[in-house]
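Coordinates in review
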Amino acid sequence: MSSSFLPAGRNVQIKFNSDNRNTDVLINSLSDKAVSTTTPPAIIPSTTESHASHSFKFTGSHAFAHKSQKLLSLLRDTKSILGSYREVNREKWHIQYPFIRLNKAQTSTGRIFPKDDNNLSSISERITMRAEPLNKFREQIRAKLHAPEPDMSSSQESINKLNVLNLDLKNGDRSSAENVVEKLDKSSVATLLDERIVQSIKRIENLSSRVADTSSKVLVAGDVNAGKSTFVNALLRREIMPVDQQPCTTIFCEVLNVQENSNKEEIHAIKNIEAYNREDKNTYTKIDFANLFDTISSGTEEYTQLKVYCKDKRKAQQSLLHNGVVDIALIDCPGLNRDTLKTTALFARQEEIDVIVFVVSAENHFTLSAKEFLSNASNEKAYLFIVVNRFDNIRDKNKCKRNILEQIKEVSPRTHEHSKDLVHFVTSTAIPIESGNDESISESPASPHTSDRQRIEDFQSLEESLRNFILKKRSKSKLAPAQYYLENLVSDIGVLAEFNGSIASIEAKTALKELQDGERSFERLCNDEKCIGAKAEKYVEETCDLIVRFTKQRLEHAISEIDKSVINIKYPGLLYAWAFANDVRDIMLDEISKEVRLSEEFAKKETALCISKIQSSGENLEGNQRQIKLDKMYKRDHNIISNAITVSLSDFVDLNFDKNVNDGLSIIGFSGCTLIAVATRLDAFSSLWKITNFIGFNNLRKIALPMILIAGGISVAYIVSDLKRSLTRNLARKIQQQLAQSQYVDTETNRIVRQGRKKMRLATDDLRTRFRHAVEEEEKKRIVTKSILTKSEEAARFFEEIFSKVESMANTLDTLGHEWEDMDD
Ligand SMILES: Nc1nc2c(ncn2[C@@H]2O[C@H](COP(=O)(O)OP(=O)(O)OP(=O)(O)O)[C@@H](O)[C@H]2O)c(=O)[nH]1
């Protein structure tokens, strides 16, 4: 029989008869490990398989196993991707959120691409253009990234782009998430993302254990005496639950496979189900199978629940408890009445209850309690599985069916819609069950009556529908959340990968260009450093030469012409001759000092010029150039030479006759007489002596004395009259000699040029330092850019790889989605 829960046109091969070898092989191959989280069985296609696997013919249980296996694998892959996102986000690349406007996209280095930046269009372009040909997933991701910019006040933009990894950044006001994220630094965003990923990983773990969980609970509820226990026994093909014509079940009895109790058939009577632990004997009381009837029918309130571990000796494909795909636990409830209604409803509401099987007696139809329970339960579970039991006792079977279906329509319209699969009219007592130690159970009596055969077939049909219903419900309750969550998460990972990959690629491209540009400017800088350094040295030397030449020339000229500086000075008379002499000296020295100052000014000006030239050659360099102050460049008292040059009496007389010949004839006459006399005779003294002898001393005294006096007078008069000139000459000579002796010109020139050089050196040193810094900065920049390049390239590769992975995962999910739709109602 085919079921509407299964893909249309697919073969449903679950048949509970031992002839069906195909099903046997398929289901056996799934075994216990079919849904384990480790090795997938060979027949399960891998998660990366395409739609080709879609053509696989599934049985209901096989489809479930196949789907859960794939989902588990996808969950594992997603978890591992999220792990690598965390690692990358923490250590290598702060993953960015597409709060996008792309113009605000920050690079990993924290740069924000301005709106008109080429990078903006590059990212946008890259997101639009890359990775042809387009497939559905990439198209979806791009559509998300290019979603129109919302209103500025909206905080929904990231929510539109991300489903589960979006950050809750609402301020509580109308500011957008983007505005909030702009206020956060990148590491804060990275931390927020990390927290989100951790939450996501936890969710994946929960979903994985939910998907991997192979157990399912089926609650068997119904009116008193409707035949619930008989029905459970019929499903087990064993007389486990006590059956009585009197209402007997007063306690919830959960029938589980013996494997869940280390293969020991036991009954655990539990007082506190929350504290129950199979390993801890203090949490339950063991009860003999022989005493089960007494325990459940005694109405004792000592126990709240029983766990009955029993063996289902049928083969996997026939067994309901342990069928190789899902371990089903059947919970036999007390019959519904006013007292038990509330408890049973509460029990039914538990999330772990996958399916509610409601047993109603065909003879009695639905009681008020039943209707109340059913309408509540159908709200909770949407679909109910209804077993109309004791159908053998009905004569007008069609009428009964119609009546019951009418009632079902009222209490659970959705169940009624699928009544063909969800409502079964059966006779539980028609199923042969194991009695005593007889282990051979035949599915049908040796030669059953036609009516019995029909009842058995009806029951088998019920079993098949029930199993499919359980698997379908499990798919819905256990697989659907995983599928839905994965779809959203995979899309988010894709959005983040595409967005960050694009940023990384652009950043790598930019970094590469920066690196190439940097290489060139580094070389230029090194060249400049050499050339400009040499040029600056040349400026300094030229300026120094100029200063030396200027200073020397000025000083030498001034010193040689020093006597001219006093030409215009008025001689105040003999009485003030001494003061005049000092004034003359001072004026002469001042004149030299003036020249020194002039040279200093010249040197200052030239030094400033040179410094300016040096500095201007480094004006393209980063950083401030050093301010060089020249105002205190020369502060020495230049008149110190005046201390060493003093006026003396000899300065008033100029004994340098040779020079005076032209100045006065009297002196010449006097000197000439003396010299003529001496020229023919001896020296002046002997001539004078001879003259004295010749003239006679007395005569001589009479003649010579007046002559001497006249000559002396003339001389004195001459001296007095020539005093200014003599003094000037003498002092000039004296100063010149003194300055020459002390190498004054050289000393001063050296001093002046040294100071200038010192200042110019400061400028060249500063220039060198700035060059060095610039080179260092350039090197640092290169190192940083290189590391950005490496990081960005790695990140681009990483996100591209991740994108390919999630792309393939999205395809697999899509395929599963089709299967899902096929399995859906
Ligand atoms: N004729 C007929 N009798 C049935 C059928 N199923 C159950 N019975 C009988 O109905 C009576 C009650 O059966 P139970 O299985 O104990 O009913 P129950 O719903 O478990 O009863 P409580 O747990 O006490 O509410 C027993 O005598 C069964 O033999 C059936 O399909 N046909």
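Residues numbered from 1 in each chain as written. Predicted model: local features only at pLDDT ≥ 70, side-chain atom pairs only at ≥ 80, totals over all residues.

Points about the overall build of the protein
Scanning the protein from terminus to terminus reveals 22 helices and nine strands. Counting all 825 residues of the protein, 38% fall into the buried class. Relative to all contacts within the protein whose residues are 6 or more apart in sequence, the contacts with residues 24 or more apart total 81%. (Helix = DSSP H or I, 4+ residues; strand = E, 2+ residues; numbered from the N terminus. Buried ≥ 20, exposed ≤ 12 C-beta atoms within 10 Å, placed from the backbone. Contact = placed C-beta atoms within 7 Å.)

Notes on the site of the ligand
Taken together, 22 residues lie near the ligand, and Gly227, Ser229, Thr230, Thr249 and Gly335 sit nearest. Looking at the shell around the ligand, the element that brings in the most residues is helix H8 (residues 228-236), giving three residues. Grouping the amino acids of the shell around the ligand by side-chain chemistry returns five nonpolar, 13 polar and four charged. (Near = placed C-beta within 6 Å. Nonpolar A, V, L, I, M, F, W, Y, C, P; charged D, E, K, R; others polar.)

Things to note about the nonpolar core
Within the largest apolar cluster, 76 residues are counted, with the highest numbers of intra-cluster contacts made by Val218, Leu219, Val220, Ile356, Val357, Phe358 and Ile386. Tyr485, Val490, Ala508 and Val806 belong to the second largest nonpolar core, which has 50 residues in total. (Core = buried A, V, L, I, M, F, W, Y, C linked by C-beta atoms within 7 Å.)

What about the sheet that holds strand E4 (residues 285-287)?
Read from one edge to the other, the open sheet built from nine strands follows the order E4-E3-E5-E2-E6-E1-E7-E8-E9, with strand pairing classed as mixed. Each of the sheet's edge strands pairs with one partner strand only, and the pair in question is E4 and strand E9 (423-425). Along the sheet, successive strands turn relative to each other by an average axial angle of 25 degrees, direction set aside. Examined bridge by bridge, strand E1 (residues 215-222) and strand E6 (residues 327-332) share six bridges and lie parallel to one another. Of the residues in E6, the one forming a bridge with Ser216 is Ile328. (Pairing = 2+ DSSP bridges. Axes fitted to C-alpha atoms, helices over the stretch in contact; angles between N-to-C directions.)

Structural notes on the environment of Phe425
Turning to its location among the elements, Phe425 is positioned in strand E9. Those residues in contact with Phe425 that lie beyond four places of it in its chain are Ala362, Val388, Phe391, Lys401 and Asp458.

Things to note about the confidence of the model for the protein
The pLDDT averaged across the protein works out to 76; a share of 74% of its residues lies at or above 70. In this model, residues 150-159 is a region of pLDDT below 50 whose contacts with residues beyond four sequence positions or in other chains number 20 contacts. Across the interface, the model reports ipTM at 0.98; the global pTM reads 0.59. (pLDDT = per-residue confidence, 0-100.)

Here we look at the pairing of strand E5 (residues 305-310)
Here strand E2 (residues 252-257) pairs with E5 via six bridges, running parallel. Bridge pairing in E5 links Phe252 to Gln305. Here five bridges tie strand E3 (residues 266-270) to E5, and the two strands are oriented antiparallel to one another. Directly across from Ile270, in E5, lies its bridge partner Gln305.

Brief notes about H8
Since one α-helical turn is 3.6 residues long, residues separated by three or four positions face the same way. Counting buried positions over the nine residues of H8 gives nine, a clear majority of the element. Burial in H8 covers these residues: Lys228, Ser229, Thr230, Phe231, Val232, Asn233, Ala234, Leu235 and Leu236.

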